[in-house]
Amino acid sequence: MKFQSTKRVGKQSENKKMMIKILDFTIFIISCIAFFYVFIVNQELLLKIIFGSALCLIAIIYSLVKYVPNDSVNTRTDLAIQKMVLLGEMGETTKEWLIQGKTSLVIGKSSKEIEVGIDLSGTEYESLINYEHAVLNCVANAWFIEDIDSVSGVGIKKADKRVKIRLKQGIPCRINVGDTIYIANTRILVR
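Residues numbered from 1 in each chain as written. Predicted model: local features only at pLDDT ≥ 70, side-chain atom pairs only at ≥ 80, totals over all residues. Heavy atoms only, no water.

Turning our attention to the overall build of the protein. The number of helices and strands found in the protein is two helices and eleven strands. Here the protein holds 191 residues, and 29% of them are scored as buried. Residue pairs at least 24 apart in sequence account for 47% of intrachain contacts in the protein once pairs closer than 6 positions are excluded. Taken as a whole, the protein presents about 12900 Å² of accessible surface, with 61% of it coming from carbon and sulfur. (Helix = DSSP H or I, 4+ residues; strand = E, 2+ residues; numbered from the N terminus. Buried < 20%, exposed > 50% of the residue type's maximum accessible area, 1.4 Å probe, protein only. Contact = heavy atoms within 4.5 Å. Areas by Shrake-Rupley, 256 points an atom, 1.4 Å probe, with all protein chains shown as cover.)

Alignment of strand β3 (residues 104-108) against strand β5 (residues 132-139), held across five bridges, turns out to be antiparallel. Directly across from L105, in β5, lies its bridge partner L136. As paired elements, β3 and strand β4 (residues 118-119) share two bridges and run parallel to each other. Paired with I107 across the two strands is I118, which belongs to β4. (Pairing = 2+ DSSP bridges.)

By size, the foremost hydrophobic cluster in this structure holds 25 residues, and its most contacted members are M84, L136, I145, I175 and I181. Elements represented by at least two residues in this core include exactly β1 (83-87), β3, β5, β6 (142-147), β7 (154-157), β9 (173-175), β10 (180-183) and β11 (186-190). In this view, M84 contacts K95, E96, W97, I99, I118, L136, I175, I181, I188, L189 and V190; residues no more than four positions away in its chain are not counted. (Core = buried A, V, L, I, M, F, W, Y, C linked by side-chain atoms within 4.5 Å.)

So, on to the sheet that holds β3. Across the sheet, which stays open at both edges, the five strands sit in the order β4-β3-β5-β6-β9 with mixed pairing between neighbours. Of all the strands in the sheet, the pair left with one neighbour each is β4 and β9. Pairing of β6 with β9, which is carried by three bridges, proceeds in the antiparallel orientation. Its bridge partner lying in β9, W143 is registered against I175.

Considering all chains together, one arrives at three salt bridges under this definition. Two residues, D24 and R162, come together in a salt bridge whose shortest N-O distance is 3.8 Å. A residue pair is termed long-range when its members are at least 10 positions apart, and D24 in helix α1 (residues 2-41) and R162 in the loop between β7 and β8 (164-166) qualify at 138 residues. The salt bridge partner of K158 is D179, with a shortest N-O separation of 3.0 Å. (Salt bridge = Lys/Arg side-chain N within 4 Å of Asp/Glu carboxyl O.)

Right, let's get into the side chain of K109. Structurally, K109 is set in the loop between β3 and β4. As a buried residue without a salt bridge, K109 has its nearest oppositely charged side chain in E126, at a separation of 4.7 Å. Among the polar contacts listed, one links the side chain of K109 to the backbone oxygen of I129, at a separation of 3.0 Å. (Lys, Arg positive; Asp, Glu negative; His and termini not counted. Polar contact = N/O pair within 3.5 Å; in protein donor to acceptor, adjacent residues only side chain to side chain.)

Side-chain direction in a regular strand flips from residue to residue, so the side chains alternate between the two faces of the sheet. Most of β1 sits inside the fold, with four of its five residues counted as buried. In terms of strand pairing, β1 meets strand β2 (residues 93-98) through five bridges, oriented antiparallel. The residue bridging L87 from the neighbouring strand is T93, located in β2. In sequence, β1 turns back onto β2 through a hairpin of five residues, with G91 there showing a positive phi of about 90°. Here β1 runs beside β11; their pairing, made up of four bridges, is antiparallel. Looking at the pairing, M84 lines up with V190 of β11.

That's the geometry; what it means functionally is another story.
Printed below as a string of structure tokens:
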């Protein structure tokens, strides 16, 4: 029964994504028709200037809202991060690490010399992961992730965004419940 509800939620998410794509395509078609009318059919210069300026402004605002990640806004402040979940190829839970009550954890691969808090040894992309790849720090009940000079990088996909961003080394990024962390190509879900 639990599997069916997860499948249903996944189907609803796919339907929502499809509706957003259809809406984006519809907006594009309407914009093209309006652009054609104003700049090809119409001969009035003032209308062309006003419409062109408005179209550019709308395109810039739309791009900023849709594609620029916003780390400063935490829409889920009531939820505390309790654990990190390693996701498999199909999105299934492979391993979990409880982090509630901790202040700092290193993400990487354990060895005889180094023991990390979140050990990704034995994962599919193990060869792309550094021994000390990233660090999680809790400051004032907020968790931050930071790339610590890894070769293949650290990425994050915010729960409320569609795009994945790559972190710059040495610059912390706040994480929230529902975000997905990418260590090389390994996915860790924040819960």
